[in-house]
Amino acid sequence: MLSERRLQVLRAIVQDYVGTEEPVGSKALTERHSLGVSPATVRNDMAALEDEGYIAQPHTSAGRIPTDKGYRLFVDKLAGVKPMTAPERRAIQNFLEGAVDLDDVVARTVRLLAQLTRQVAVVQYPSLTRSTVRHVELLSLAPARVMLVLITDTGRVEQRVVDCPAPFGDASLADLRARLNSRVANRRFADVPSLVEDLPEAFEHEDRGTVSTVLSTLLETLVEENEERLMIGGTANLTRFGHDFPLTIRPVLEALEEQVVLLKLLGEAKDPGVTVRIGHENAHEGLNSTSVVSVGYGSGGEAVAKLGVVGPTRMDYPGTMGAVRAVARYVGQILAES
C-alpha cells in the first residue's frame, strides 16, 4: 500500500501531466502543489512510485509520466467524478430534447459527447432483447396484406409487411390489434412468445392462419439481431493527440472501424455503472494506448445499451467520467418520455 503522501504525489503528477502534456519533475510539483514537503522528499517519493511501476521516465528528460498502473490507481482511489455545471446540464438537456426520433437521439448523443469530451464518442443503439413492447400497430394495406409496426419503450420503431394466407377484414384486424396489445403491451420481449402462443384459438377457424402469420412476423422481429448497431463520431479529435500515440495513430483508427471490437470495448449493457478501461486493459492491441470510459443508459433505471468515449490514456478522467455519466442520464430521461 502506498502512503497517503505518495498517493498525493501521484495525483499531482497525473493532474500536471494531463494538463501540461509535459513530463513532470519534482521541482515543478513542489511549486505547483502544496505537498508540505521539500523537493528532495518529493524526489524520493517519485523514485518509490517509479520502482513500483506507477510512473515512468519516457526519455532522458528529468520528468516522469504516469503508467497505465498509475492511471488505474488514480481512477480507482484518487479521482472523483467531476459534476457538470448547471449551464452545462441545461445545454445537454436542450440539445437532446430537440431530437425527433431514436436515430436523431443517438446522432445528437454522439455529437454532444464528442464535443464535451473532445474524444471519440461511441453510442450503441438500445438493445431489443432488453426492451419492452410499448405498442403493436396493425394497418390494412390490401385485403390480404397487413403492415405490422412494433414500438418499443426506448422509442425504437420496427415495421414489417405481412402477406396473409387469406383476406382479413377490418373488424378482425381491429380485434387482433386489441387482443395483441392487451397481452404484450409493457411486457419484456422475452415474455412475448409465451403470452401469444394460444392467441389464434381466440379467432374463427378461417382467420387462424392469418393470425398465426402475423404473430410469426412479430416474433421474428423480436429476435432479430438489431442490437449490433453503433454510431461513432469525433474521430478527428484523435488527431489533436498525435504525440500521445506511440509511432502512429493508424492502429487506433483501424480498431475503431471494427464494430465487434467497439461493442466489446463498451462492455455488457447490463452493467450500468461507469467503467474505465486503461491502456493495456483493452484486449485489442490497436487500443493499448487508449482509455475507454463507458456507462449504461436506459429508461426506468435499467440499462438497455452503452455509450462512451475513446481517447488517449492521458485523459481528464474526472471530467470525462462526469460528462459520460451526465449524458447517459439525460438520454435515459428522453427515452422514458418519448
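All residue numbers refer to position in the chain's written sequence, counted from 1. Local features are withheld for residues below a pLDDT of 70 in this predicted model, meaning they are given only at 70 or higher, and side-chain atom pairs are given and counted only at 80 or more; totals for whole chains, interfaces and linings count all residues. Side-chain descriptors were evaluated using all non-hydrogen atoms of the structure, hydrogens and water having been removed beforehand.

Per an unreviewed UniProt entry, the chain goes by the name Heat-inducible transcription repressor HrcA and belongs to Streptomyces violaceochromogenes. UniProt positions are given in the numbering used here, feature names are shortened, and annotations may be inferred rather than shown by experiment. Database annotation for the chain, UniProt heading Sequence similarities (unreviewed entry): "Belongs to the HrcA family."

Engineer: Which residues make up helix H12 (residues 317-337), and what are the values?
Structural biologist: The first and last C-alpha atoms of H12 sit 30 Å apart over 21 residues, in line with the 30 Å expected at 1.5 Å per residue. Here H12 starts with a cap whose side-chain oxygen sits 3.1 Å from the backbone nitrogen of glycine 319, and that cap is aspartate 316. Helix and strand definitions follow DSSP, with helices as H or I runs of at least four residues and strands as E runs of at least two, each counted in order from the N terminus. The span you would expect from a helix comes to 1.5 Å times its residue count less one. The definition of a polar contact used here is a pair of N or O atoms within 3.5 Å, where within protein one atom must be able to donate a hydrogen and the other to accept one, and adjacent residues in sequence count solely through side-chain atom pairs.

Engineer: Any chance you could break down the sheet that holds strand E10 (residues 305-312) for me, citing the residues and the numbers?
Structural biologist: For sheets, the rule is that strands pair by backbone hydrogen bonds, running either parallel or antiparallel. Strands are labelled as partners when DSSP assigns at least two bridges between them. The antiparallel open sheet is built from 5 strands, whose spatial order is E7-E3-E10-E9-E8. A single partner strand is all that each edge strand has here, and the edge strands are strand E7 (230-233) and strand E8 (275-278). Strand-to-strand twist across the sheet, computed as the mean angle between neighbouring axes with direction ignored, equals 15 degrees. As judged from the 4 bridges shared by strand E3 (residues 120-124) and E10, these two strands associate in the antiparallel manner. Among the inter-strand pairings, valine 120 is bridged to a residue of E10, identified as valine 310. Only heavy atoms matter for contacts: two residues are in contact if any of them lie within 4.5 Å across the pair. Here the axes come from fitting lines to C-alpha atoms, over the contacting stretch only for helices, and the angles between their N-to-C directions go from 0 to 180 degrees. Lying over the sheet, helix H11 (residues 259-266) contacts E3, E7, E8, strand E9 (290-297) and E10, oriented at roughly 90 degrees with respect to E7.

Engineer: Which residues make up the packing of aromatic side chains, and what values go with them?
Structural biologist: Pairs were defined over the aromatic rings of Phe, Tyr and Trp, the Trp ring being its six-membered one, requiring ring centres within 6.5 Å. Orientation was assigned from the angle between planes: stacked under 30 degrees, edge-to-face over 60, tilted for the rest. Applying the stated criterion to the full structure yields 1 aromatic pair. Where tyrosine 71 meets tyrosine 317, the ring centres are 5.6 Å apart and the plane angle is 50 degrees; that geometry is what we call tilted. Of this pair, tyrosine 71 sits in helix H4 (residues 68-78) while tyrosine 317 sits in helix H12, placing them 246 residues apart in sequence. Any Lys NZ or Arg CZ that is within 6 Å of a ring centre and within 35 degrees of that ring's normal is treated as a charge sitting over the ring. One Lys or Arg, arginine 108, reaches over the ring of phenylalanine 95 and ends 5.3 Å from the middle of that ring. Residue placement shows arginine 229 over the ring face of tyrosine 125; its charged tip is 3.9 Å from the ring centre.

Engineer: So what's going on with the nonpolar core? Which residues, and what values?
Structural biologist: Here is a general trend for soluble globular proteins: nonpolar side chains tend to be buried in one another's company. Joining through side-chain atoms within 4.5 Å is the link that ties buried Ala, Val, Leu, Ile, Met, Phe, Trp, Tyr and Cys residues into a set, and such a set is a nonpolar core. The buried label goes to any residue with under 20% of its type's maximum accessible area, the exposed label to any with over 50%, and the partly exposed label to all in between, with areas taken from a 1.4 Å probe on protein chains only. One finds Leu29, Leu307 and Tyr317 to be the most contacted residues of the largest nonpolar core, which totals 58 residues. At 11 residues, the largest contribution of residues to this core is made by H12. Excluding anything up to four places from it in sequence, leucine 29 contacts Val9, Ala12, Ile13, Asp16, Val24, Leu35, Val42 and Met46.

Engineer: Describe in detail the sheet that holds strand E4 (residues 133-142), supporting the description with residues and values.
Structural biologist: Pairing within the open sheet is antiparallel, and its 3 strands lie in the order E4-E5-E6. Where the open sheet ends on each side, the last strands, each with one partner, are E4 and strand E6 (157-163). Each strand axis lies, on average, 20 degrees off the axis of its neighbour in the sheet, ignoring direction. With 8 bridges connecting them, E4 and strand E5 (residues 145-152) associate as antiparallel partners. Its bridge partner being in E5, valine 133 is matched across the sheet by threonine 152. Of the strands in this sheet, E4, E5 and E6 touch helix H9 (residues 208-223), which is tilted by about 145 degrees from E6.

Engineer: Can you explain unusual backbone geometry? Please cite residues and give values.
Structural biologist: With phi around 65 degrees, glutamate 21 is a residue other than glycine that occupies positive phi space. With respect to the helices, strands and loops of the structure, glutamate 21 is situated in the loop between helix H1 (4-20) and helix H2 (26-32). Residue class for glutamate 21 comes out partly exposed when judged on its relative accessible area of 37%. Backbone geometry at asparagine 186 places phi at a positive 65 degrees, although glycine is not the residue there. As for its placement among the helices and strands, asparagine 186 is situated in the loop between helix H7 (170-184) and helix H8 (192-196).

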